[in-house]
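Residue strings, one per chain:
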Number of protein chains: 4
Amino acid sequence: MPKLAYLGPEGTFTEEALRILAPEADRLPSANVSAALDAARRGEADGAVVPLENSLEGAITTTLDELAWGDPLLITAELLLPVEFSLLVRKNTTMAQIKRVFTHPAAITQCRGFTARELPDAMVIAAPSTAAAAQEVALPGSPYDAAIAARIAGEHYGLVELAANIGDRADTVTRFVRVSRPGSMPEPTGSDRTSLVAFLNDDHPGALLEMLTEFSVRGVNLTRIESRPTGDGIGRYFFHFDFEGHVADARVGEALSGLHRICTDVRFLGSYPRADRFFPQIKRGMADADFAEAEGWLARIRGGQA
Amino acid sequence: MPKLAYLGPEGTFTEEALRILAPEADRLPSANVSAALDAARRGEADGAVVPLENSLEGAITTTLDELAWGDPLLITAELLLPVEFSLLVRKNTTMAQIKRVFTHPAAITQCRGFTARELPDAMVIAAPSTAAAAQEVALPGSPYDAAIAARIAGEHYGLVELAANIGDRADTVTRFVRVSRPGSMPEPTGSDRTSLVAFLNDDHPGALLEMLTEFSVRGVNLTRIESRPTGDGIGRYFFHFDFEGHVADARVGEALSGLHRICTDVRFLGSYPRADRFFPQIKRGMADADFAEAEGWLARIRGGQA
Amino acid sequence: MPKLAYLGPEGTFTEEALRILAPEADRLPSANVSAALDAARRGEADGAVVPLENSLEGAITTTLDELAWGDPLLITAELLLPVEFSLLVRKNTTMAQIKRVFTHPAAITQCRGFTARELPDAMVIAAPSTAAAAQEVALPGSPYDAAIAARIAGEHYGLVELAANIGDRADTVTRFVRVSRPGSMPEPTGSDRTSLVAFLNDDHPGALLEMLTEFSVRGVNLTRIESRPTGDGIGRYFFHFDFEGHVADARVGEALSGLHRICTDVRFLGSYPRADRFFPQIKRGMADADFAEAEGWLARIRGGQA
Amino acid sequence: MPKLAYLGPEGTFTEEALRILAPEADRLPSANVSAALDAARRGEADGAVVPLENSLEGAITTTLDELAWGDPLLITAELLLPVEFSLLVRKNTTMAQIKRVFTHPAAITQCRGFTARELPDAMVIAAPSTAAAAQEVALPGSPYDAAIAARIAGEHYGLVELAANIGDRADTVTRFVRVSRPGSMPEPTGSDRTSLVAFLNDDHPGALLEMLTEFSVRGVNLTRIESRPTGDGIGRYFFHFDFEGHVADARVGEALSGLHRICTDVRFLGSYPRADRFFPQIKRGMADADFAEAEGWLARIRGGQA
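Residues numbered from 1 in each chain as written. Chains lettered and ligands numbered in written order. Predicted model: local features only at pLDDT ≥ 70, side-chain atom pairs only at ≥ 80, totals over all residues.

## Things to note about the overall build of chain A
Argument step 1. A tally of helices and strands in chain A yields 10 helices and 15 strands.
Argument step 2. By principal-axis analysis of the C-alpha atoms, chain A measures approximately 85 × 45 × 35 Å.
Argument step 3. Put simply, 72% of the contacts in chain A that link residues at least 6 apart link residues at least 24 apart. (Helix = DSSP H or I, 4+ residues; strand = E, 2+ residues; numbered from the N terminus. Contact = placed C-beta atoms within 7 Å.)

Okay, structure coming up:
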């Protein structure tokens, strides 16, 4: 039974993601993303589950930077988890009694409509995480009357769900990934995603265009691009890419090799099944069979045939 | 005398930036980036100064999203400010007495080397901002012994600088921008930057490559690209671009028009002098004179000449 | 009534093309393409009709080079003429009597199947043109028994058509153009073609790709590209381009300006209605209205609006 | 001792080229380019020497089309031969006696300055080839007084060189190639050229740009591009490409494979040493060692390493 570290404490959305990704796993809550990933790196856990991006807030930059700079880890699975906030209170608390609401700043932003409408007179105070907010509210003497958090947090800390799905947008989603130490990789499924980090030789004009051309010329579609500072001054960036396909696919392999040749460094972050089960149309000439056929032809002409 | 809102409270790096960008201005501290920008939008201030990106932490996403979605504002100036952290204490506090350090999480990260080396036994606690940390430490009964903050914060709140420039990297820089309500714009200087936000018609494969080609074909070099979620689900992004040149430059104008034609929406965020005073080499054929000459030629051939 | 020079003598396919392009015109046969174009240049004729390319033989390089290097002329119309060869004889000649066939080398090639099958024992001799062959055969004491030429040549020189449409491929077509001295141009019709010649600043790697990108980025589709030697040594070429659209179209105008800026010289060869009446789909964002809208937007942001 | 067919008769520039390319070879003059290539195909000769392009006249389309459509042959060498025309006469003929000059039409064009200046009253008559003109003039009862041809033709047919190097441009050059039946290929030298023919899947807009991108993305520079009609109507072309490098080079091999995948058909026409001995700079990341290094890296990440 694998043990997986995750962004804790108990009751976070990350725990919810972990329970779906690996229902059978032992769970090791960690204080933050770095700690969860370090647990996986050091072997205290067999892997970790961390958030990568949110459809409202964008990239979780800590995760991006940890995957780029820390000891290597490979993404082996992803999950798209709807972010459904619940209003959680101690037993017997009523709406009218709520004066102080405790929650994570992102939740403050995302539930602004609900709190303005239903709790116009309540103060909303920032907590380090939604789960921590629930944990705090669960304490008998807490100065807070309610937490906004995942339902799972209420279950953990014995709170009552007074209102469900209170976010302003019903369709907010967070993308979580499961990572492991290098050594193995999921098999290709035809609906895969590959992630990597690319560092430029130098930041010459057109370098980004060149990188994108390495993908497009092999019919490999990008699904995400993030620039991150290298730390060497404003104007110096490296790039996170997600794209369609598996490193075992011929077109992906050639694109990666091409990128590797024009970059200072490319860090492979894994190939894994897509959470959305989307099977992309492969562009004409870009299937494995097309590459194999072209290789055979090349071998023949290199042998002096016409 | 203009009045400029800024990310407060008094003593922030943003105040330091504002003092350099507009030494003569009246200063209006605001609770957060949104509030500072709103003060400018509503006319409570003549403009605002806010951080845009940091060479270690990356983009200030609140600023990016405010400029993209809020009522329009134009960037009229930028500043690159070295981030120099100071260890600030109440008068008579010695290093040995420091048990609890209060500061912003970014400063916790960036001064980890110093605290580990010089204050190995101290606890470091997260504050909402470095200036707020200094403000708190300045209170006589504060539970904290020291703040890590800008020197200016010490001056504001009457603290003593026990150590200067304690960041792990000496070269950390934050880029600040001054924004105003639309209506006027700095003149071209030959060393200018232009910022904009582009929303895609649809997120088809290759759309990003198409956008970059609109720039490259006119010899316009990008200096920054950031993707941000549109809020409509994972995989849906819009883009912030910074690039060389001024909207009054022919090549920049044509690139912007081209981008406008292939995007759902392009929001212009301003053209302004570069903080680094770098004068880029204009690619052959891309100077204003080249555009004017080509326009003349086009008019002639449209008139039936060969 | 206009007078048009053409590649003579009477009875050529070019005369046939001229009769269709300008039924009412006076016709001035010229000894060769250069002479026909010179007649137009010097005002001896109001224009000229010359062949530009053939679907089997390719470009008529004399025409290409004359249009590129000679005094400027503008193409004002094009025609696609099926090339239908006839076997022409003097009255009373029978198939069995044909021992020597006279015709242009291109016709020798293109009628090889017919002559092998129907005239296996006849000699086929090269003539300067198909019309000249017919002219020769029409002489009473001619050593040749038959000519392969256009039916119109038989009519001119009083020959009998013994067999019609004897080419190996029924679908061979020659493209003819009508040219005039600069000064006016056909109006856009929505189904137009534009021709030009582009000389490179230098023949650096990627120059051709850059030129093609000037077209593609404005959604202008090429229909023909020919490289021709500049005369300055092997490896030095200039290029003929035909593409969809009219110079009056915004997208075409901008593409031409772009090309003009990156080339040493661009010679405009005219915009004229397509012979095939094909109305191309205009790529999204590339219609005149899109350009006008973008221009308006650019003017607004240059005026300081966001 | 190999036997090589060539474009005859004896005394052509092609013979001169053959003598330089293969001094030791037996020579088999052929009536035309097709006959020379057929002799090589059928084994009557071990190979053939034919002209490919001329710096004034452009491509020799017969050669291009034969290489594209006939039974496959591979180019194994190339030669750049200065085209130096001589005025050749029978013994004792003086300039003043020359009334009729016989030569190939290309020579008529290229020596126009000389004939206008030195022989203003002479007629210049078109011959099938310069060597044939010399052959004819050598006949005692010839109606022609002089031939313009290669000096070698004078040697062959016993004519006297009355004037040397009489072309208008001193730098005219013809590129000849030696071809053989497939089966072997010259080794890479670092200064190589590769030739091929590419047929498009369909003639969609942008297809040419896609083909060029296959080269440019691997840093392979084109040195020549020719479009030729497929025969299937105006607007349907296939392409001849010459480019830097040898098919054994990794970057060339990958570019060829890429082209093969996006085209209906690619016919390889050979890799051979450049006549100009130019050693091109290999673009960063495109040397064989870079490809090998990238392949090794790809193998490692496919094996589950990061």
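## Quick word on the sheet that holds strand S12 (residues 192-200) of chain D
Residues and elements named next belong to chain D.
Argument step 1. Across the sheet, which stays open at both edges, the four strands sit in the order S13-S14-S12-S15 with antiparallel pairing between neighbours. Each end of this open sheet is capped by a strand with a single partner; those strands are strand S13 (222-229) and strand S15 (263-273). Here the strands of the sheet are splayed against their neighbours by 15° on average, with no regard to which way each runs.
Argument step 2. Across seven bridges, the pairing between S13 and strand S14 (residues 237-244) is antiparallel. (Pairing = 2+ DSSP bridges. Axes fitted to C-alpha atoms, helices over the stretch in contact; angles between N-to-C directions.)

## Focus on the domain arrangement of chain A
Argument step 1. Domains assigned within chain A are domain 1 (1-81 + 174-184), domain 2 (85-163) and domain 3 (185-306).
Argument step 2. Of note, the centres of domain 2 of chain A and domain 3 of chain A, computed from C-alpha atoms alone, are 44 Å apart. (Domains from an automatic or database assignment.)

## Focus on the packing of helix H10 (residues 288-302) of chain A against helix H9 (residues 250-262) of chain D
Argument step 1. Running from N to C, H10 of chain A and H9 of chain D point in directions that differ by 125°, and their axes come no closer than 9 Å. Here H10 of chain A is positioned oblique relative to H9 of chain D, judged by the angle of their axes. Seen along the crossing, H10 of chain A lies across H9 of chain D with a hand that is right-handed. Contacts between H10 of chain A and H9 of chain D involve Asp290, Ala294, Glu295, Trp297, Leu298 and Arg302 of chain A from the first element and Gly253, Leu256, Ser257, His260 and Arg261 of chain D from the second. (Parallel < 35°, antiparallel > 145°, perpendicular 65-115°, else oblique. Left-handed = near helix turned anticlockwise from the far one by under 90°.)

## Observations regarding the relation of the copies chain D and chain C
Argument step 1. Overlaying chain D with chain C gives an RMSD of 0.1 Å, the required rotation being 180° about an axis along which the chain moves by 0.0 Å. Such a turn and shift between the copies fits a two-fold axis.
Argument step 2. Looking at the interface residues of chain D, 100% of them are also at the interface in chain C, so both copies use one shared face. (Least-squares fit on C-alpha atoms with pLDDT ≥ 70 in both.)

## Focus on the relation of the copies chain B and chain C
Argument step 1. Rotating chain B by 180° and translating it 0.0 Å along the rotation axis places it on chain C, where the RMSD comes to 0.1 Å.
Argument step 2. Interface overlap between copies is the fraction of interface residues in one copy that are interface residues in the other; for chain B against chain C it reaches 100%, indicating a shared surface.

## Some points on the interface of chain B and chain C
Argument step 1. The interface of chain B with chain C comprises 33 residues on the first partner and 34 residues on the second.
Argument step 2. Elements with a contribution of two residues or more to the side of chain B that touches chain C: helix H8 (207-216), helix H9 (250-262), strand S15 (263-273) and helix H10 (288-302) of chain B.
Argument step 3. When grouped by side-chain class, the residues that make up the side of chain B that touches chain C number 17 nonpolar, 10 polar and six charged. (Nonpolar A, V, L, I, M, F, W, Y, C, P; charged D, E, K, R; others polar.)

## Topic: the arrangement of the chains
Argument step 1. The smallest C-alpha distance separating chain A from chain C is 13 Å, and no contact links them.
Argument step 2. Taking C-alpha atoms only, the smallest gap left between chain B and chain D, which are not in contact, amounts to 13 Å.

## Thoughts on the pairing of strand S6 (residues 85-89) of chain A
All names here are of chain A.
Argument step 1. Most of S6 sits inside the fold, with five of its five residues counted as buried.
Argument step 2. Bridging between S6 and strand S9 (residues 146-150) involves five bridges; their strand directions are antiparallel. Across the sheet, the residue bridging to Ser86 is Ala149, located in S9.
Argument step 3. One ladder, built from three bridges, connects S6 with strand S10 (residues 160-163); its direction is antiparallel. (Buried ≥ 20, exposed ≤ 12 C-beta atoms within 10 Å, placed from the backbone.)

## A word on the confidence of the model for chain A
Regions with low pLDDT carry predicted coordinates that are not meant to be interpreted in detail.
Argument step 1. On average, residues of chain A score 95 in pLDDT, and 100% of them are at 70 or above.
Argument step 2. Across the interfaces of the predicted complex, the ipTM metric reaches 0.93, alongside a pTM of 0.94. (pLDDT = per-residue confidence, 0-100.)

## Description of the interface of chain D and chain C
Argument step 1. In this assembly, 29 residues from chain D lie in contact with 29 residues from chain C.
Argument step 2. Among the secondary structure elements, those contributing two or more residues to the side of chain D that touches chain C are strand S11 (173-180), helix H8 (207-216) and S13 of chain D.

## Here we look at the UniProt feature "domain: Prephenate dehydratase" (unreviewed entry) in chain A
Argument step 1. Per the UniProt entry, the sites bearing "domain: Prephenate dehydratase" (unreviewed entry) are residues 3-181 of chain A in this numbering.
Argument step 2. Counting secondary structure, residues 3-181 of chain A comes out at 32% helix and 33% strand; the distance between its end C-alpha atoms is 13 Å. (UniProt positions renumbered as here; feature names shortened; annotations may be inferred.)

## Structural notes on the sheet that holds strand S7 (residues 100-103) of chain C
All names here are of chain C.
Argument step 1. Pairing in this open sheet of five strands is mixed, and the strands run S8-S7-S9-S6-S10 from one edge to the other. Strands at the two margins of the open sheet, each flanked by one partner only, are strand S8 (123-126) and strand S10 (160-163). Shown here is a sheet whose adjacent strand axes are inclined to one another by a mean of 40°, direction ignored.
Argument step 2. Here helix H6 (residues 130-137) sits on the sheet in contact with strand S6 (85-89), S7 and strand S9 (146-150), set at roughly 140° to S9.

## Considering the environment of Asn92 of chain D
Residues and elements named next belong to chain D.
Argument step 1. With respect to the secondary-structure elements, Asn92 resides in the loop between strand S6 (85-89) and strand S7 (100-103).
Argument step 2. Accessibility expressed as a C-beta count within 10 Å gives 7 for Asn92, which makes it exposed.
Argument step 3. Along the chain, Asn92 and Val160 lie 68 residues apart, while their C-alpha atoms are 8.4 Å from each other.

## Examining H10 of chain A
Given 3.6 residues per helical turn, the α-helix brings residues three or four places apart onto the same face.
Argument step 1. For H10 of chain A, spanning 15 residues, the distance from its first C-alpha to its last is 21 Å, which sits close to the expected 21 Å at 1.5 Å a residue.
Argument step 2. Taken together, the buried positions of H10 of chain A are Asp290, Phe291, Ala294 and Ile301 of chain A. Viewed end-on, H10 of chain A has its buried residues packed into an arc of 95°, placing them on one side of the element. Facing away from the buried side of H10 of chain A, by more than 90 degrees, are the exposed residues Ala289, Ala292, Gly296 and Ala299 of chain A.
Argument step 3. Where H10 of chain A is buried, its residues meet helix H9 (250-262) of chain A together with H9 and S15 of chain D.
Argument step 4. Immediately downstream of H10 of chain A, the backbone of Gly304 of chain A shows phi near 100°, a positive value. (Expected span 1.5 Å × (residues − 1). Arc of directions from axis to C-beta.)

## Quick word on the nonpolar core
Argument step 1. Counting residues in hydrophobic clusters, the biggest one holds 181 residues, and the most contacted among them are Ala48, Ala134 and Ala147 of chain A together with Ala48, Ala134 and Ala147 of chain B.
Argument step 2. Ranked by size, the runner-up nonpolar core spans 179 residues in total, among them Phe215 of chain C together with Val101, Val197 and Val220 of chain D. (Core = buried A, V, L, I, M, F, W, Y, C linked by C-beta atoms within 7 Å.)

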